[in-house]
Amino acid sequence: EDELELLGAMFSSDEDELVVERPTGGGATISVRLRPSSGGEQRRRLMEATLALELSQAYPESAAVCRLSRSRGMVGDEEAALLAALTALAAEAASSGEPCVYALVEAAIEKLTELNAGGDCPICRDD
């Protein structure tokens with residue numbers, strides 16, 4: 001609950017930046033629209049993705065399942081590397097029973113910011 005309150009303060013549910021679904025069987029699915037940090041320069045935000053975190057009833061002892069959708073501006077291996085890093089972080093947190101939703105979102109934004117600053121075009125990050 002504390003994690004959801006923190007995310008609610010960071011992201012707007014009015015603009016579909018944050019969507020929380022709670023099925024009747026328990027658990028939750030949290031979807032967050034990710035954008036790189038760009039110092040307020042909208043034109044430098046060349047990447048975007050939606051991170052969906054599926055939390056079982058056993059969370060945080062059970063790892064969050066991470067999925068990316070609606071990605072824009074990433075080449076295939078960048079998306080795969082981001083998802084692999086998030087999955088590893090979720091597994092590490094689950095092994096110690098630590099909540100990790102906020103950490104996963106922050107790690108994803110940080111990685112997206114790094115990728116956004118890099119080259120290898122996808123229209124058009126240069127190089």
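In this report, the structure presented in the accompanying data block is examined. Each chain has its residues counted from 1, running along the sequence as written. It should be noted that, the model being predicted, local features are given only for residues of pLDDT at least 70 and side-chain atom pairs only at 80 or more, the latter also being counted only at that level, while totals for whole chains, interfaces and linings use all residues. No hydrogens and no water enter the side-chain calculation; it runs on all heavy atoms of the structure.

Details of the packing of helix α1 (residues 2–10) against helix α3 (residues 101–117)
- Where α1 meets α3, the axes come as close as 9 Å, and the angle between the chain directions of the two elements is 35°. Here α1 contributes E3, L6, L7 and M10 to the contact with α3, which in turn contributes V101, Y102, V105 and E106.
- Tallied by class, the residues present in the contact of α1 with α3 amount to six nonpolar, no polar and two charged. Interaxial angles span 0 to 180 degrees and are taken between N-to-C directions of axes, which are lines fitted to C-alpha atoms, for helices over the stretch in contact. In this text, helices come from DSSP runs of H or I with a minimum length of four residues, and strands from runs of E with a minimum of two, each type numbered from the N-terminal end. Contacts are assigned to residue pairs with any non-hydrogen atoms lying within 4.5 Å of each other. Think of it as three bins: nonpolar holds Ala, Val, Leu, Ile, Met, Phe, Trp, Tyr, Cys and Pro, charged holds Asp, Glu, Lys and Arg, and polar takes everything else, Gly as well.

A word on the layout of surface pockets
- Definitions used for this entry: grid spacing 1 Å over protein atoms alone; cavity, a set of points where a 1.4 Å probe fits but cannot get out; pocket, an open set with protein on both sides within 12 Å along at least 5 of 7 lines; lining residue, one with an atom within 4 Å of a point. Grid points are joined across faces, edges and corners, and a volume is the space filled by probe spheres set on the points. For the largest pocket, the calculated volume is near 200 Å³.
- In this structure, the largest pocket is lined by 13 residues; those nearest its centre are E1, E3, L4, L55 and Y59.
- Mapped onto the lining of the largest pocket, the elements with two or more residues apiece are α1 and β2 (28–34).
- Considering every element that reaches the lining of the largest pocket, the biggest residue donor is α1, with three residues.
- For the lining of the largest pocket, the per-class residue count stands at seven nonpolar, two polar and four charged.

Some words on the sheet that holds strand β4 (residues 65–72)
- In space, the four strands of this open sheet follow the order β1-β2-β3-β4, with antiparallel pairing throughout. Where the open sheet ends on each side, the last strands, each with one partner, are β1 (18–21) and β4. On average, each strand axis in the sheet is inclined to that of its neighbour by 15°, with strand direction left out of account.
- By the convention used here, strands pair only if DSSP detects at least 2 bridges between them. Direction of pairing for strand β3 (residues 48–55) relative to β4: antiparallel, over a ladder of six bridges.

Observations concerning the side chain of E3
- Assignment of secondary structure puts E3 in helix α1.
- Partly exposed residues are those whose accessible area sits between 20% and 50% of the maximum for their type, while under 20% is buried and over 50% is exposed, using a 1.4 Å probe and protein chains only. Working convention for charge: Lys and Arg count positive, Asp and Glu count negative, and His plus the chain ends are omitted. What counts as a salt bridge is simple: a side-chain nitrogen of Lys or Arg found within 4 Å of a carboxyl oxygen of Asp or Glu. In this structure E3 is buried but unpaired, with R22 as the nearest side chain of opposite charge at 9.8 Å.
- Within the local environment of E3, its side chain forms a polar contact with the backbone nitrogen of V101, the two atoms lying 2.6 Å apart. Here a polar contact means two N or O atoms within 3.5 Å. Within protein one must be a hydrogen donor candidate and the other an acceptor candidate, and residues neighboring in sequence count only if both atoms are side-chain atoms.

Quick word on the nonpolar core
- Here, the term nonpolar core denotes a set of buried Ala, Val, Leu, Ile, Met, Phe, Trp, Tyr and Cys residues that are joined through side-chain atoms within 4.5 Å. Residues I30, L34, L51, L104 and V105 are the most contacted members of the largest nonpolar core, which totals 29 residues.
- Sort the elements by how many residues they give to this core and α3 lands first, with seven residues.
- Filtering out sequence-adjacent residues up to four positions away, V105 remains in contact with L7, F11, V32, L34, L51 and L53.

Observations regarding α3
- Helices are assigned an expected span. That span is 1.5 Å times one less than the residue count. Its 17 residues place the ends of α3 25 Å apart at the C-alpha level, agreeing with the 24 Å of an ideal helix rising 1.5 Å per residue.
- The set of residues buried in α3 consists of V101, L104, V105, A108, I109, L112, L115 and N116. Looking down the long axis of α3, one finds its buried residues gathered within 130° of arc, a one-sided arrangement. Exposed residues lying more than 90 degrees from the buried face of α3 are E110 and A117.
- Contacts made by the buried residues of α3 are with α1, β2, β3, β4 and α2 (76–95). An arc is given here, and it is the one of the directions from the helix axis to the C-beta atoms.

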